[in-house]
Amino acid sequence: MARVITQKALRLAFVLLAVSFLTYILVDLLPGDPVLQLIGAQNVSAENIAAIRADLRLDEPLALRYANWLGDALTGDLGRSYQSGQTVTDSILQRLPVTFEIAILSLLITLLVAIPLGAISAYQAGGIIDKIVTGMTFGLLSVPNFILALLLLFVFALQLDVLPATGWTPFTVDPVANIKAALLPAMTLAAANIAISTRLLRSDMIATLQEDHVLMARSKGLPTWRILFRHVLRPSSFSLLTVTGLEIGRLLGGAVIVEEIFAVPGVGRLLLDSIYQRDLVIVQGVVLFIAVVFVMVNFLVDLLYSSLDPRIRSGAAHASA
Amino acid sequence: MPRVPAASKWGFRSRKLRHGALVLTVTIVASACGGGNNEESGAPGPTGPPQEGGSITVGVEAETNSWLPGVIATGGSAVNIAQTFYDPLVVRTEDGKAEPFLAESLEPNADFTQWTLTLRPGVKFHDGTELTAQVLKANFDDYLTVPTSNLVGNFRGVEMAVVDELTVTYDLDRANVAFPDLLLGPAGWPFSIEAARQYGAEAGANPVGTGPFVFESWVRDDRLVVTRNDDYWWPEEDGPPYLDEIVFRPIPDEQSRLTSMQAGELDAFYTVRGNIIAQAREAADEGSLQIYEFMGNNGDQLILNTLVPPLDDSRVRLALGYGLNQEDLIDALGNAGVAPVRTQFFGPEDPYYSEEAADAYPTFDPERAQDLLDEYIDDEDRSDGKPAGAPISLDVECRAIPEHRAMTQVVQAEWGALGIEVNLSFAEQAQHFQAAIGSPQSNPPFAGDFMVKCWRGGQEVDPYLALARLFGPAEQEPVNFTNFHDDLVAEQLEVLRTESDPDARIAAAEALMLHFDEEMPVIWAGGTPYMIGARPGLQNIDGWTLPDGTLGEGVTGAVTMWAQVWISDE
């Protein structure tokens, strides 16, 4: 097991290095000059552009800049924003709790809704409940999240007046207001995930329901809920786990549109604004952060597979023997 | 409460009383034109005397990068916020003149090559340090005019000298009648030099000014909080600031900002979108909102790069002007019923607005457009080098936003009807902006990398500042996006730079506008509407004054002086 983890960790490091290098090159190739963006139209002159380029060390060769940046990044220094002067690390850390909380809440909502719906749908495959759930999931999938966001705003903020339309309250300031502020963005993000997770779980559970151990459980007279959630859910949850892992990575990278609409100060808004402003240092830092999160989460998901399925553990043991 | 179109309500009435025949004429012309706001005057102003206390939350359009002058990227949102903790040295009064505000006086010498600024005595920054001439000089030398400053262009050819504890001179390398307007905005926001040095790279996140409110906290993309400055220097003891606290919240999505206002999460908000203004008008008619609209000199445009064939030929440019129906463009931009037709760099309320130029501006006339275009197309010596009879082709580049996409569909259809092949492309803001500037390697430098571009132009500043860089010599002015410049332009700009006689300046501005009508470097697509919406009970949003009681410019660009706003239950 230790060897497997080591191999995976080495692969992970290689992936991160490749991501950081490609990101650096791609961001550098973006049309638009960060210096022109910084200086403003009224002050453009060849001399000013050259002075600022030198000040930001943008006149150095790409390879040298990347090497310097990587060296600093390995020591935890991701640089300072061209536009604001704030350190990249501070910028990300300031926004991370917001994005993290919304992501976790969104996943909770997704799993709390998708697991029972998927299970019932699978158990009554072809029945009326299955048809209703199928219709609902296709409906959720076909509504773009910005439309859903505006709809939720209208219903919960304007008509019912139970949740705030926009803004953010930190948990440490007011826990209730914090949960209220996170609910609408989380619900919006959860909608499409609920649909995907429900569909995946339904099809996997239908297959598992045909297996012998389920027949055995039925013959023992176990209650339906116990069969579904104890004997069928666990072996059917691999696809769900994979998708959830990918989803965590995506959500922690920030959900740009949702953060814009609900005006929450998350990582997605930071990234979008930085791209618009050609604040390349921030873009590189945020992309690297997202890549690390994405790779780490999926690494953990890989490890979880083996705890869910003993066959993977024994397979690893055989491989190492 | 009926809606309150600030510029018309306060501006027109005051101008009639205070500024004589010229402004009266402008007023009558503007009223006769029936531009959006003017018909709606008569709404009540502030009720009762100012009341102290209370906290409000204001929704703005965007976050800013930094609060340090020289770094701050200013838009309406940033100025609304910054002028709570900074005081402007000068502001514009309701008749559009730049007058001292934090400064006690600003006087020119005889030939306008030196301006002497005297500060008010006893003014302190929020950190307790005093505002002195030396501080102003350190601001100027160490922050505003360094190569990395985004204000360095304001002060090209300007040096500052300290005369005494409260007096500095700005020494100019050539006369500039319009110099006070250069101090509007961040170039004229003094800040504590000690605090800036102490905070270093973080100075932009810790602004220390002399303003009516003290900067309290800032969570980027979430909120900025300012609290009442109890030691404010205002000459009257019971003067501003009246509020205890203001919370500014950047809410980038326009619809969400309006929804937040309707849900009661905001006390006021800011917008420059026609469709949001239209919705706010409905809310105002129902009495749930009071709105303060402003329509100034800014407008949507199509700018034409006059260095690129066939746009280097005025017949083609004029044909393009006659070939577009401005009403269709306004409609496509979502500004129908909100933004009036524009014809020049000055709105009908500006003293430099020219009725003659408005009448001369090309209006939709497809037949005339076709005649002009055919004349060019059939010309054996046409500038694009194509054989006579060959159709022309234009690249139109706009921002990747729904409004521009809709507008370019109109452009493609109406120019297409003239036989012009129109190629559309869209870019996000930075790329769009930078293509307009071009590169220092082009010939001339910064000639721009485009043919036709969607743009916005027109400023609430002196006409010299508004036009000099936009139409200065192309090889010297990167901001001359159209690259249009000729002897007449140079001559009239020189008048605007050196002549202080109002009549001579108005004549020069008119000559330029008439010239643009004939040369068509810019095609207008309607004015830019601005609006502040506020809940009933928020008083005096547009009635702010200078320390001597002179009425300020109201809600120009949807910016106000929040220090002079108060809450009333009436």
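Predicted, not measured: the structure shown is a model, and the values here were computed from it.

1. Observations regarding the overall build of chain A
Part 1: Counting secondary structure elements, chain A contains 15 helices and zero strands.
Part 2: Here chain A holds 321 residues, and 45% of them are scored as buried.
Part 3: Summarising the internal contacts of chain A: among those between residues at least 6 apart in sequence, 72% fall at separations of at least 24.
Part 4: When the accessible surface of chain A is summed, it comes to about 15300 Å², and 70% of that surface belongs to carbon and sulfur atoms.

2. Remarks on the packing of helix 13 (residues 267–276) of chain A against helix 14 (residues 280–308) of chain A
All names here are of chain A.
Part 1: For the pair helix 13 and helix 14, the least separation of the axes is 9 Å and the interaxial angle reads 145°. You can see that helix 13 and helix 14 cross each other, and the crossing is left-handed. Along the contact surface, helix 13 presents Val267, Leu270, Leu271, Ser274 and Ile275, while helix 14 presents Ile282, Val283, Val286, Val287 and Ile290.
Part 2: Considered class by class, the residues forming the contact of helix 13 with helix 14 number nine nonpolar, one polar and no charged.

3. Side note on the packing of aromatic side chains
Residue and element names in this part refer to chain B.
Part 1: Evaluation of the coordinates by the stated rule reveals 31 aromatic pairs over all chains.
Part 2: Taking 5.6 Å as the distance between ring centres and 85° as the angle between the ring planes, the aromatic pair formed by tyrosine 242 and tryptophan 566 counts as edge-to-face. Placement of the pair is tyrosine 242 in the loop between strand 9 (223–228) and strand 10 (245–250) and tryptophan 566 in strand 18 (residues 566–567), with a sequence separation of 324 residues. The pair tyrosine 242 / tryptophan 566 is uniform in exposure class, with both members buried.

4. Details of the sheet that holds strand 5 (residues 114–119) of chain B
In a beta sheet, neighbouring strands pair by backbone hydrogen bonds and run either parallel or antiparallel.
Residue and element names in this part refer to chain B.
Part 1: Reading across from one edge, 4-5-7-6 is the order of the four strands in this open sheet, with antiparallel pairing throughout. Edge positions in the sheet fall to strand 4 (103–108) and strand 6 (158–164), since each of these pairs with one other strand and no more. Taking each pair of neighbouring strands and ignoring which way they run, the sheet shows an average axis angle of 20°.
Part 2: Direction of pairing for strand 4 relative to strand 5: antiparallel, over a ladder of five bridges. Directly across from serine 105, in strand 5, lies its bridge partner threonine 118.

5. Side note on the layout of surface pockets
Part 1: In this model, the second largest pocket occupies a volume close to 1000 Å³.
Part 2: Along the wall of the second largest pocket there are 42 residues; nearest its centre are A:Asp55, A:Leu56, A:Arg80, A:Ser81 and A:Tyr82.
Part 3: Of all the elements in the fold, those that place two or more residues in the lining of the second largest pocket are helix 1 (2–29), helix 3 (46–55), helix 4 (62–74) and helix 14 of chain A together with helix 4 (133–144) of chain B.
Part 4: In terms of residue class, the lining of the second largest pocket is built from 18 nonpolar, 15 polar and nine charged.

6. Section: the interface of chain A and chain B
Part 1: Contacts between the two partners involve 46 residues from chain A, matched on the other side by 44 residues from chain B.
Part 2: In total, about 3600 Å² of surface goes out of reach between chain A and chain B, with carbon and sulfur atoms giving 51% of it.
Part 3: For the pair chain A and chain B, the number of links is four salt bridges.
Part 4: The salt bridge partner of A:Arg95 is B:Asp221, with a shortest N-O separation of 2.9 Å.
Part 5: In this structure, the connection of chain A to chain B is made through 12 residue pairs in polar contact (both at pLDDT 80 or more).
Part 6: Within the residue set of the side of chain A that touches chain B, elements represented by two or more residues are helix 2 (34–39), helix 3, helix 5 (88–123), helix 7 (145–159), helix 12 (256–261) and helix 13 of chain A.
Part 7: Counting residues per element, the side of chain A that touches chain B draws most heavily on helix 3 of chain A, which supplies six residues.
Part 8: Classifying every residue of the side of chain A that touches chain B gives 23 nonpolar, 14 polar and nine charged.

7. Focus: helix 17 (residues 502–519) of chain B
Residue and element names in this part refer to chain B.
Part 1: When the terminal C-alpha atoms of helix 17 are compared, their 26 Å separation across 18 residues agrees well with the 26 Å that a helix rising 1.5 Å per residue should span.
Part 2: For helix 17, every residue scored as buried is listed here: Arg505, Ile506, Ala508, Ala509, Leu512, Met513, His515, Phe516, Asp517 and Glu519.
Part 3: One or two residues past the end of helix 17 sits methionine 520, with phi positive at roughly 55°.

8. Digging into the side chain of B:Asn80
All names here are of chain B.
Part 1: Looking at where asparagine 80 falls in the secondary structure, it is placed in helix 3 (residues 76–85).
Part 2: Accessibility expressed as a relative area gives 2% for asparagine 80, which makes it buried.
Part 3: At 2.9 Å, the side chain of asparagine 80 forms a polar contact with the side chain of tryptophan 562.
Part 4: Once residues within four sequence positions are removed from consideration, asparagine 80 is found in contact with Phe248, Tyr270, Ala558, Val559, Thr560 and Trp562.

9. Considerations on the packing of helix 8 (residues 175–209) of chain A against helix 11 (residues 238–252) of chain A
Residues and elements named next belong to chain A.
Part 1: Orientation of helix 8 relative to helix 11, taken along the N-to-C sense of each, is 165°, at an axis distance of 9 Å. Looking at the two axes, helix 8 sits roughly antiparallel to helix 11. Pair helix 8 / helix 11 crosses with right-handed handedness. Contact residues: helix 8 offers Leu189, Asn193, Ile196, Ser197, Leu200, Leu201 and Asp204, while helix 11 offers Ser239, Leu240, Val243, Glu247, Arg250 and Leu251.
Part 2: Across the contact of helix 8 with helix 11, the residue classes break down as seven nonpolar, three polar and three charged.

10. Quick notes on the pattern of salt bridges
Residue and element names in this part refer to chain B.
Part 1: With the rule as written, the count across this model stands at 29 salt bridges over all chains.
Part 2: The shortest N-O distance in the salt bridge between aspartate 462 and arginine 505 comes to 2.8 Å. Taken together, the residues span a long stretch of sequence, with aspartate 462 in the loop between strand 15 (452–457) and helix 15 (463–468) and arginine 505 in helix 17 at a distance of 43 residues. The same class applies to aspartate 462 as to arginine 505, namely buried.
Part 3: Between arginine 469 and glutamate 477 there is a salt bridge, with its nearest N and O atoms 2.9 Å apart.
Part 4: With relative accessibility at 16%, the residue glutamate 477 sits in the buried group.

11. A few points about the sheet that holds strand 11 (residues 268–271) of chain B
All names here are of chain B.
Part 1: Pairing in this open sheet of 10 strands is mixed, and the strands run 8-9-10-1-11-16-12-15-13-14 from one edge to the other. Each having just a single partner strand, strand 8 (213–219) and strand 14 (421–427) make up the two edges of the open sheet. Sheet twist, expressed as the mean angle between neighbouring strand axes with direction ignored, is 20°.
Part 2: Here strand 9 pairs with strand 10 via four bridges, running antiparallel. By the bridge assignment for strand 10, leucine 224 is matched with phenylalanine 248.

12. Let's talk about helix 11 of chain A
Side chains of residues three or four places apart in an α-helix project in the same direction, reflecting 3.6 residues per turn.
Residues and elements named next belong to chain A.
Part 1: For helix 11, with 15 residues, the first-to-last C-alpha span of 21 Å sits near the 21 Å given by 1.5 Å per residue.
Part 2: Turning to helix 11, its buried residues are Leu240, Leu241, Thr244, Gly245, Glu247, Gly249, Leu251 and Leu252.
Part 3: Tucked into the core, helix 11 has its buried residues touching helix 5, helix 8, helix 13 and helix 14.

13. Examining the side chain of B:Arg249
Part 1: Mapped onto the secondary structure, B:Arg249 falls in strand 10.
Part 2: No salt bridge forms around the buried B:Arg249; measuring N to O, its nearest opposite-charge neighbour B:Glu265 is 4.2 Å away.
Part 3: A polar atom in the side chain of B:Arg249 sits 2.6 Å from the side chain of A:Thr166.
Part 4: Residues contacting B:Arg249, with those up to four places away along its chain left out, are A:Thr166, A:Gly167, B:Thr57, B:Val58, B:Gly59, B:Val60, B:Asp222, B:Arg223, B:Glu265 and B:Leu266.

14. Description of the confidence of the model for chain B
All names here are of chain B.
Part 1: Mean pLDDT over chain B works out to 90, with 92% of the residues at or above the 70 mark.
Part 2: Under a pLDDT of 50 for its full length, residues 1–44 has, in the predicted model, 86 contacts with residues more than four places off or in other chains.
Part 3: This prediction of the complex comes with two scores: 0.87 for pTM and 0.82 for ipTM.

15. What to know about the state of the cysteines
All names here are of chain B.
Part 1: Applying the stated criterion to the full structure yields one disulfide over all chains.
Part 2: With its sulfur 1.7 Å from that of its partner, cysteine 398 forms a disulfide with cysteine 454. Torsion about the S-S bond of the cysteine 398 and cysteine 454 cystine: about 60°, corresponding to right-handed handedness. Of the two residues, cysteine 398 sits in strand 13 (residues 393–399) while cysteine 454 sits in strand 15, which places them 56 residues apart along the sequence. Cysteine 454 matches cysteine 398 in its accessibility class, with the two residues each being buried.

16. Here we look at a nonpolar patch on the surface
All names here are of chain A.
Part 1: A grouping of Phe100, Ile104, Leu108, Leu112 and Val113 is seen on the molecular surface, where their side chains present a nonpolar patch of about 450 Å² in accessible area.
Part 2: Turning to its location among the elements, phenylalanine 100 is positioned in helix 5.
Part 3: For phenylalanine 100, a relative accessible area of 44% puts it in the partly exposed group.

17. With respect to the nonpolar core
Part 1: Membership of the largest hydrophobic core comes to 219 residues, with the highest contact counts inside it found for B:Trp67, B:Leu117, B:Tyr170, B:Trp415, B:Leu467 and B:Trp562.
Part 2: Looking at which element gives the most residues to this core, the answer is helix 14 of chain A, with 12 residues.
Part 3: Not counting chain neighbours up to four residues away, the residues in contact with B:Trp562 comprise B:Ile56, B:Val58, B:Asn80, B:Thr84, B:Phe213, B:Leu243, B:Ile246, B:Phe248, B:Ala268, B:Ile532 and B:Ile541.

Rules behind the numbers
Residues numbered from 1 in each chain as written. Chains lettered and ligands numbered in written order. Predicted model: local features only at pLDDT ≥ 70, side-chain atom pairs only at ≥ 80, totals over all residues. Heavy atoms only, no water. Helix = DSSP H or I, 4+ residues; strand = E, 2+ residues; numbered from the N terminus. Buried < 20%, exposed > 50% of the residue type's maximum accessible area, 1.4 Å probe, protein only. Contact = heavy atoms within 4.5 Å. Areas by Shrake-Rupley, 256 points an atom, 1.4 Å probe, with all protein chains shown as cover. Axes fitted to C-alpha atoms, helices over the stretch in contact; angles between N-to-C directions. Left-handed = near helix turned anticlockwise from the far one by under 90°. Nonpolar A, V, L, I, M, F, W, Y, C, P; charged D, E, K, R; others polar. Phe/Tyr/Trp six-rings, centres within 6.5 Å; stacked < 30°, edge-to-face > 60°. Pairing = 2+ DSSP bridges. 1 Å grid on protein atoms, 1.4 Å probe; cavity = no way out; pocket = protein on both sides within 12 Å on 5 of 7 lines; lining within 4 Å. Points joined across faces, edges and corners; volume = space filled by probe spheres on them. Buried area = accessible area lost by both parts, 1.4 Å probe. Salt bridge = Lys/Arg side-chain N within 4 Å of Asp/Glu carboxyl O. Polar contact = N/O pair within 3.5 Å; in protein donor to acceptor, adjacent residues only side chain to side chain. Expected span 1.5 Å × (residues − 1). Parallel < 35°, antiparallel > 145°, perpendicular 65-115°, else oblique. Lys, Arg positive; Asp, Glu negative; His and termini not counted. pLDDT = per-residue confidence, 0-100. Disulfide = S-S within 2.5 Å. Patch = residues over 30% accessible without salt bridge, like charges linked within 9 Å, V, L, I, M, F, W, Y side chains within 5 Å. Core = buried A, V, L, I, M, F, W, Y, C linked by side-chain atoms within 4.5 Å.

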